[in-house]
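# Commentary on secondary and tertiary structure
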Amino acid sequence: MHFIEVENLNKSFAVRKKREKGHFTREKTIIHALQDVSFTVDEGELLGYIGPNGAGKSTSVKILSGILTPDSGKASVGGLTPWLDRKNHVQRIGVVFGQRMQLWWDVPIVDSYQLLKDIYKVSKANYEKRLEELVDALDLESLLHTPLRLMSLGQRMRAELCGSLLHSPRLLFLDEPTIGLDAVSKLKLREFLQKENREKGTTILLTTHDMEDIAALCSRVMVLGHGKKLFDGQLPDLLSRYDTLRTIRVRYNAPPDFSALPESCTLQKEGDNYIITYAPAKLPTAEIIARLQQAGRMQEMTAQSQNIDHLIARMYREMDL
Amino acid sequence: MNTIKLYLHSMKMLLKSQMQYPWSFCLQTIAQIVMEGGEMMAVLLVVNRFQALNQWTGGDLLFFFGIMSITFYLTECFGRGITGNFAALIRSGNLDTFFLRPRGIMTQVLCHAIDPRRIGCIAVGVAALVLGCRQSRVIWTLPKIFLFTEAVFFGMLLILGLFLIEAVFAVHSVKSIELVNAVTYGGRSACQYPVDIYPGPLRVLFGTLAPFGLVLQVPSAVILDKPMMGIDGFLAFLCPLTGLLFFAFMYFVFQKAMKYYRSTGS
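Please read these numbers as outputs of a predicted model, since none were measured by experiment. (Residues numbered from 1 in each chain as written. Chains lettered and ligands numbered in written order. Predicted model: local features only at pLDDT ≥ 70, side-chain atom pairs only at ≥ 80, totals over all residues.)

### Quick look at the sheet that holds strand β13 (residues 298-305) of chain A
Residues and elements named next belong to chain A. With antiparallel pairing, four strands are arranged side by side in an open sheet as β11-β12-β10-β13. Each edge of the open sheet is held by one strand with a lone partner, namely β11 (266-270) and β13. For this sheet, the mean inter-axis angle between neighbouring strands, taken without regard to orientation, is 20°. Examined bridge by bridge, strand β10 (residues 246-252) and strand β12 (residues 273-278) share six bridges and lie antiparallel to one another. Of the residues in β12, the one forming a bridge with Thr247 is Thr277. (Pairing = 2+ DSSP bridges. Helix = DSSP H or I, 4+ residues; strand = E, 2+ residues; numbered from the N terminus. Axes fitted to C-alpha atoms, helices over the stretch in contact; angles between N-to-C directions.)

### So, the domain arrangement of chain A
Domain boundaries assigned for chain A yield domain 1 (4-240) and domain 2 (244-305). Placing a centre on the C-alpha atoms of domain 1 of chain A and another on those of domain 2 of chain A gives a separation of 45 Å. (Domains from an automatic or database assignment.)

### Side note on helix α3 (residues 109-119) of chain A
Most of α3(A) sits out of view: eight of its 11 residues are buried. Residues of α3(A) that are buried: Ile109(A), Asp111(A), Ser112(A), Tyr113(A), Leu115(A), Leu116(A), Lys117(A) and Ile119(A). Tucked inside the fold, the buried residues of α3(A) contact α4 (124-138) and α5 (153-165) of chain A together with α1 (2-18) of chain B. At the exit of α3(A) stands Lys121(A), carrying a positive phi of roughly 50°. (Buried ≥ 20, exposed ≤ 12 C-beta atoms within 10 Å, placed from the backbone. Contact = placed C-beta atoms within 7 Å.)

### Comments concerning the sheet that holds strand β9 (residues 228-233) of chain A
Residue and element names in this part refer to chain A. Pairing is mixed in the open sheet, where six strands are placed in the order β5-β6-β7-β3-β8-β9. Looking along the sheet, the strands with just one partner apiece sit at the ends: β5 (93-97) and β9. Between one strand axis and the next, the sheet turns by 15° as a mean value, whatever way the strands run. One ladder, built from five bridges, connects strand β8 (residues 220-225) with β9; its direction is antiparallel.

### A look at helix α3 (residues 58-78) of chain B
Under the 1.5 Å per step criterion, the end-to-end length of α3(B) is 30 Å for 21 residues, consistent within 8% with the ideal 30 Å. Extensive coverage of α3(B) is indicated by the burial of 19 of its 21 residues. (Expected span 1.5 Å × (residues − 1).)

### Here we look at the interface of chain A and chain B
Taken together, the 22 residues of chain A in the interface contact 19 residues of chain B. Sorting the residues of the side of chain A that touches chain B by element identifies α2 (86-90) and α3 of chain A as the ones contributing at least two each. If one sorts the elements of the side of chain A that touches chain B by residue count, α3(A) sits on top with four residues. Among the residues forming the side of chain A that touches chain B, the class breakdown is 11 nonpolar, five polar and six charged. (Nonpolar A, V, L, I, M, F, W, Y, C, P; charged D, E, K, R; others polar.)

The structure is reproduced here in structure tokens:
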């Protein structure tokens, strides 16, 4: 029995078009937000959920968190069906939306937390212990008596995270948690999530467009497109499918002689630098380096893999998303 | 019990957040007193000009006005979650947040807003009621106090029920605000006066469809010792229960609408 089990989940929305001239009724288009999506997640996993806008990520998060009822299919989280057993289910989950605040806007955040304590019926002792832990980990001590509206985006995000974890949920949904955050805030947030996952064993399901989030946090990644599951596995495996080209950037002391360079690689000149692009599957890296050394005395050389965002963009293109 | 505790806690916090802007609060409260005071002046003018309306004296009219204002604005003050803008609740995504918390949706809707500025209108209502009682020489007895409390309480439920109509329409993404305002705010304006001065259709509307007549006015008439439509005694104590019935029905419809919301998505 897995912690989360999803089987053949389907959900479609009817979107009405604008009424055309001369027609009495409006045409409806059906959008299939999810089509036969199945997967399982074990307790303590940190799963990344990616896909272009409109792929069905938010819909599946909404179904798994109990906001939406699917058209068909089964889902269970820790033995409960989210949309049938809403109250018991949400007692055990926490949800954070990167673009929407759930705490109260005009009051000090500590007041919000006290109300959340009542909403989730957390005992006083547990609340105090947990709040201290979270305030410590999220560095909120100096902000506890500040209203949410006076905080920066990064501070708000930390405050939201604290609020969603006060009742010690076993499962945490994060919908684009790092959106709009600066580099320092992002790093801190990731560090916190890793710690929460490792030390408390909290299962985390994360949707994001930031591939750095996935690379830094997730052991497993799932790609969704047009409502279908397209990939489920480890990030390096996903990348290796699309990461077919490498580039080497070299600079020589004297003008080099590239006559020995194989034809299968391409050569570009950029100022004093030469950029060589090749496919490591066809041409071993060791060989190309040997040939580059033959071409002249190298002053500097860097090898780079492609930028993750480019890879994902290519993947989306190839999957026709 | 736990729900009531949560409600009180929420109200306390919301009040605190309103008080973050004390000047705005003061000015708006004053504006409301002026507005509601104007309505009371209208009643006073009618009384001055005509002395009486059918069997109702000036004091009686003030009493009707007072009980309506108190009931309506108490509801708007403490039930702001429902009487406020429900469509905005859906648009902003707040309703989704309510589904993520282990409490009833209706509880959370009620817990999410308060409108303390209405205290000004309530004060005007109380003033009208006191003035009306003095002019009509109402003698308060224990049953009358009970009847008054009962009428106000079930009147509040009735008003909440009427506003729920708007919420239900909003879930089905139908704009209904003007239509529903006709029975809510329109009902308040019309039923500041005893319904038996109106022609038949209006009497039916506010007697059965939006039963302000039964919930608020039949008890008021009994308190004034001038029973309306011949309803007196034990029956008068039963009439306000129509407010509860109305609310219960709308509560049921609202729950259905919430099911619909979850299956159609946003």
